[in-house]
Amino acid sequence: MEKRAVFRAGSLAYLLILPQLLLVFVFFYWPTGAALYWAFTLEMPWGGGNQWVGLENFTAVLKDGKYWSSVVASCVFAFAATALALAQALVLALFVDRQLRGSRGFRSFYVWPYAVAAPAVSLAFRFIFAPETGLVAFVNQWWPGLWNPSINGAQAMALVVLCFAWKWIGYNFIFLLAALQSIPRALMEASAMDGAGPLRRMLDIQLPLLTPTFFFLLVINLTESFVGPDSFGIVDILTEGGPANATNLLVYKIYSDGFKGLDYSGAAAQSIILMLLVMVLTFIQFRWVERRVHYK
Amino acid sequence: MSFVSKLQMSAAAGALVAAFAVSPAAAERARFEFWYGLTGDLGERVQETCKRFNDSQQEFEAVCVGQGGYPNAVQNAIAAYRAGKQPTIVQVYDGGTLDLMLSGAYVPARKLMADNGYEVKWDDYFSGIANYYATAKGELLSFPYNSSTAMLYWNRDAFAKIGRDKAPATWEEVEEVARELKKAGYECPLGFNFDTWQILEQFSAIHGEPIATKNNGYDGLDAEVVFNKTKFVDHVKFFKRMADEGVFTVRTKEAGMDIVPSFASGACQMIQTSIADHGTIGKTAAADMKWDVAMLPVWNGTERKNSLVGGASLWVLAGKSEPEYKGAAAFLKFIGTPESAEWWSTVTGYIPVTNSGFEAMKAKGFYDKAPYKGRELAIESLTFTPTTPITRGIRLGGFMQIRKEVTDALQGIFAGKVGVEEALNEAAERSNAVLRRFEKTYAGKSLL
């Protein structure tokens, strides 16, 4: 039978965790509760009263075609940005792990983008990708009208995806590299002696052993791209949700409806829905994707 | 000792004396806060205004805090008000007017001044400006501050190349000029963005077209938008046709260069923008570039009406202490003096808001000299006719959301994704949903 050490000091334990609980309550449960309440009322922005309207805010949101196009935009953004950031980081990590020339330098070099604030990244992207004045403006000289994310929604989406991925590659890279380096050398050496080339070793040994890290990064990247401050900052600077709502991600729509449009109740209902959506998504990942993960 | 170092010495001594002399008095000064939304160069001018006020008297001290943009100023003031930490004065842009008006979270302008014993000639304000911030009965609730209206900016150099020396007065002429400019090799004869203020709001006012029923919302919260049934629809179709032919060009911040820098750099030859940009363009354009402003063009056969005021006004919020209100009243009195009005108009492009201020500046010859010449046309445009029930202003709930609906529609139209009528009908339908939601939020309250 297993032996367990038990500390019997109930009240002290509660006292010790109280500060943390208070913080969580004040900064998470309280605002969430307030948002939940607002979602069922029509709130006057300057205070002075509200009235209970039941589910009306939710039905209004769910019946709104533009809300659903925001849902689609959010999904496209999240999956595309996550795929791009993970795939690119994996390639970089595999190469750095192979100890090619200069890999020590690259190891710290690739993390930098993550340290730059999202609005700063977006400003840089705006200067580079502006269709008339940016560095890429030359493509429009070859072929007028080829690149214009301020008019073309698909291009605007590509631009925000690229920007988000650029920033998150660094984060993914460092985790993947650490995971690669914790794979026992003996495994790699043994397979090399058996005649497996680098590609074979990658497919049969490295990738399967990376899956726990990969899964962790998948959850983090998806959540971050759905509700994270980076997606908000990038959209705010690069497109403001436009053109014609093509990049109006759910998290940005909440901000612009609530704070710019002063529709606090509608925004509250949207944030509740978004919260549920992210919870469902994370649940799906743990329920079905995690089954394919090998924890050694 | 050289003259310069003597001067430095005496300046230092003077500063020292001043520091000692002022500090005891400063401690007793009644402080009040003023939050503003203007940014950049204009934000610095607001700071200067506060400094001028603080230097002009010993009794009060204005603490002026920039909030980084119009929407932010409103959002932050709301959050602060709900937490009981609001500033005494806040700058609120046109779109945020109605929410505040219905909230009761303010002290009406007249009451504040009367309570503190100041006489203000309320009918001295230009009616086009005052009505925008007044109740339907005409009682001013906030103080018009930075006021502007939209103008047509045109490049004289480019016009000279095609043998013209006058601004187009009608849209028919604009088309003609723009085509000639295009032929003469100009890439962007007229640049525009998706801001609704010029293309929808100002256009509708000067053409006497309503944006919404119930006199643009002044007569009740149950108004409905009608911009999908007015001349505005044909106007957008005209812009679309011109854009398709490459005669008009979209210039947005997202595309790298908004209309104002596009004009100032000489890339675009005509734009419609606020008179407040007059100062900025004067400062940023090449010194030898010749340009001018004119009233916005109208379609042939239109009986021109006054244009609408843009910008923001100053609201005094409820729930502050007596000394703070005294300070606020003194401050508002100060910025209303003719000297302050002239200084403000000089350093920004904003127009004086009162008849007497304007007349005083005109009498001094302010508008005859080069850098300010042309700005008087903004007043002419604003006062072209007495305000009609339609051109008084726009009083719609959730107006920022409505503007966004129209902007979205315009983006869709110019991307070629939807037809003009279809897009505007959808925008109107969605705007009406916004209005109904607003009406329900303020159920039981009625417009003043």
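Please read these numbers as outputs of a predicted model, since none were measured by experiment. (Residues numbered from 1 in each chain as written. Chains lettered and ligands numbered in written order. Predicted model: local features only at pLDDT ≥ 70, side-chain atom pairs only at ≥ 80, totals over all residues. Heavy atoms only, no water.)

### Structural notes on the packing of helix α11 (residues 231-244) of chain B against helix α18 (residues 399-414) of chain B
All names here are of chain B. Just so we agree on the cut-off: For every element, the axis is a line fit to its C-alpha atoms; helices are fit only across the contacting stretch, and the angle between N-to-C directions ranges from 0 to 180 degrees. Each helix is a run of H or I in the DSSP string that is no shorter than four residues. Each strand is a run of E no shorter than two, and both are numbered from the N terminus. The handedness criterion is simple: a crossing whose near helix is rotated anticlockwise from the far helix by less than a right angle is left-handed, and one whose near helix is rotated clockwise is right-handed. By definition, residues are in contact when any of their heavy atoms lie within 4.5 Å. Residue polarity follows a fixed list, in which Ala, Val, Leu, Ile, Met, Phe, Trp, Tyr, Cys and Pro are nonpolar, Asp, Glu, Lys and Arg are charged, and the others, Gly among them, are polar.
It is the contact of α11 with α18, at a shortest axis distance of 10 Å, that shows an interaxial angle of 40 degrees. Between α11 and α18 lies a crossing of right-handed hand. Between α11 and α18, the contacting residues are Phe232, Val236, Phe239, Lys240 and Ala243 on the first element and Val406, Leu410, Ile413 and Phe414 on the second. Across the contact of α11 with α18, the residue classes tally to eight nonpolar, no polar and one charged.

### Considering the UniProt feature "transmembrane region" (unreviewed entry) in chain A
All names here are of chain A. Quick reminder of the rule: UniProt positions are given in the numbering used here, feature names are shortened, and annotations may be inferred rather than shown by experiment.
The residues that UniProt annotates with the feature "transmembrane region" (unreviewed entry) are residues 12-30, 71-96, 108-129, 156-180, 201-222 and 267-286. Between the end C-alpha atoms of residues 156-180 there is a gap of 35 Å, over a span that is 100% helix and 0% strand. From the first C-alpha to the last, residues 201-222 spans 28 Å; its make-up is 100% helix and 0% strand.

### Re the packing of aromatic side chains
Residues and elements named next belong to chain A. The following threshold applies: Pairing of aromatic rings covers Phe, Tyr and Trp, the last through its six-membered ring, and needs centres within 6.5 Å; plane angles under 30 degrees mean stacked, over 60 mean edge-to-face, and all others mean tilted. Per-residue accessibility, obtained with a 1.4 Å probe over protein chains only, is compared with the maximum for each type, and a residue is labelled buried under 20%, exposed over 50%, and partly exposed between these values.
Under the counting rule described, the total for this entry stands at 63 aromatic pairs over all chains. With centroids separated by 5.2 Å and ring planes inclined at 75 degrees, the aromatic side chains of Tyr110 and Phe173 adopt a geometry described as edge-to-face. Placement of Tyr110 in the loop between α4 (103-109) and α5 (112-115) and of Phe173 in helix α8 (residues 153-181) is noted, with a sequence separation of 63 residues between them. A residue is classified by how much of its surface remains accessible, and Phe173, at 0% relative accessible area, is buried.

### Some words on the interface of chain B and chain A
Basically, it comes down to this: Defined in terms of a 1.4 Å probe, buried area is the accessible area two parts forfeit on being brought together, summed over both. For salt bridges, the criterion is a side-chain nitrogen of Lys or Arg within 4 Å of an Asp or Glu carboxyl oxygen. A 3.5 Å cut-off defines polar contacts: any pair of N or O atoms within that distance qualifies, except that in protein one atom must be a possible hydrogen donor and the other a possible acceptor, and neighbouring residues in sequence count only when both atoms are side-chain atoms.
Taken together, the contact between chain B and chain A spans 38 residues of the former and 40 residues of the latter. Taking both partners together, chain B and chain A bury about 3500 Å²; carbon and sulfur atoms supply 53% of that area. Three residues, Arg82(B), Glu254(B) and Arg437(B), lead the burial of chain B against chain A; their summed loss comes to 20% of the area buried on that side. Connecting chain B to chain A are six salt bridges. Two residues, Lys253(B) and Glu240(A), come together in a salt bridge whose shortest N-O distance is 2.8 Å. Run the count over chain B and chain A and you get 15 residue pairs in polar contact (both at pLDDT 80 or more). Breaking the side of chain B that touches chain A down by element, the ones donating at least two residues are α3 (70-82), α4 (97-103), α18 and α19 (420-441) of chain B. Among the elements that make up the side of chain B that touches chain A, the one with the highest residue count is α18(B) (eight residues). Its residues assigned to classes, the side of chain B that touches chain A comprises 17 nonpolar, eight polar and 13 charged.

### Examining the state of the cysteines
Residues and elements named next belong to chain B. For the record, the criterion: Note on terminology: disulfide denotes any pair of cysteine sulfur atoms within 2.5 Å.
For the coordinates displayed, the defined rule picks out two disulfides over all chains. The residue that forms a disulfide with Cys50 is Cys64, at a sulfur-sulfur distance of 1.9 Å. When the S-S torsion is -100 degrees, as for the bridge of Cys50 with Cys64, the disulfide is left-handed. Of this pair, Cys50 sits in helix α2 (residues 40-56) while Cys64 sits in strand β2 (residues 60-66), placing them 14 residues apart in sequence. Looking at Cys50, the relative accessible area reads 2%, which means it is buried.

### Concerning the sheet that holds strand β9 (residues 268-274) of chain B
Residues and elements named next belong to chain B. What counts here: One bridge is not enough; two strands pair if DSSP finds at least two bridges between them.
Pairing in this open sheet of five strands is mixed, and the strands run β8-β7-β9-β6-β10 from one edge to the other. Only two strands of the sheet have a single neighbouring strand rather than two, namely β8 (248-250) and β10 (291-294). Direction aside, neighbouring strands of the sheet carry axes that sit 30 degrees apart on average. Lying over the sheet, α11 contacts β7 (188-192), β8 and β9, oriented at roughly 90 degrees with respect to β8.

### Brief notes about the side chain of Asn221(A)
Residue and element names in this part refer to chain A. When you line up the elements, Asn221 lands in helix α10 (residues 198-227). In terms of polar contacts, Asn221 uses its side chain to reach the side chain of Asn172, at 2.9 Å. When residues no more than four places from it in sequence are discounted, the contact partners of Asn221 are Thr82, Ala85, Phe164, Trp168 and Asn172.

### Considering unusual backbone geometry
For the peptide bond that leads from Gly242(A) to Pro243(A), omega is -10 degrees, which places it in the cis range. Inspection of the secondary structure puts Pro243(A) in the loop between α11 (229-238) and α12 (250-260). Even without glycine at this site, Asn245(A) takes up a positive phi of about 70 degrees. Mapped onto the fold, Asn245(A) is located in the loop between α11 and α12. Residue classification places Asn245(A) among the buried positions, given a relative accessible area of 9%. Here Asn215(B), not a glycine, exhibits a phi torsion of approximately 50 degrees, which is positive. For Asn215(B), the position within the fold is in helix α10 (residues 213-216). Looking at Asn215(B), the relative accessible area reads 26%, which means it is partly exposed.

### Focus: the UniProt feature "domain: ABC transmembrane type-1" (unreviewed entry) in chain A
Using the residue numbers shown here, the UniProt feature "domain: ABC transmembrane type-1" (unreviewed entry) corresponds to residues 71-285 of chain A. Between the C-alpha atoms that bound residues 71-285 of chain A there is a distance of 18 Å. The span itself is 77% helix and 0% strand.

### Re the environment of Arg437(B)
Turning to its location among the elements, Arg437(B) is positioned in helix α19. Once the C-alpha coordinates of Arg437(B) and Trp171(B) are considered, the two residues, 266 residues apart in sequence, prove to be 37 Å apart. For Arg437(B), the contacting residues outside a window of four places in its chain are Leu42(A), Asn57(A), Ala60(A), Asp263(A), Ser265(A) and Gly266(A). Within the local environment of Arg437(B), its side chain forms a polar contact with the side chain of Asn57(A), the two groups lying 3.0 Å apart.

### With respect to the pairing of strand β5 (residues 143-148) of chain B
Residue and element names in this part refer to chain B. With respect to burial, β5 is a largely interior element, six of its six residues being buried. Of the pairings in the sheet, the one linking β5 to strand β11 (residues 310-317) comprises five bridges and is antiparallel in character. The residue of β11 that forms the bridge with Ser148 is Gly310.

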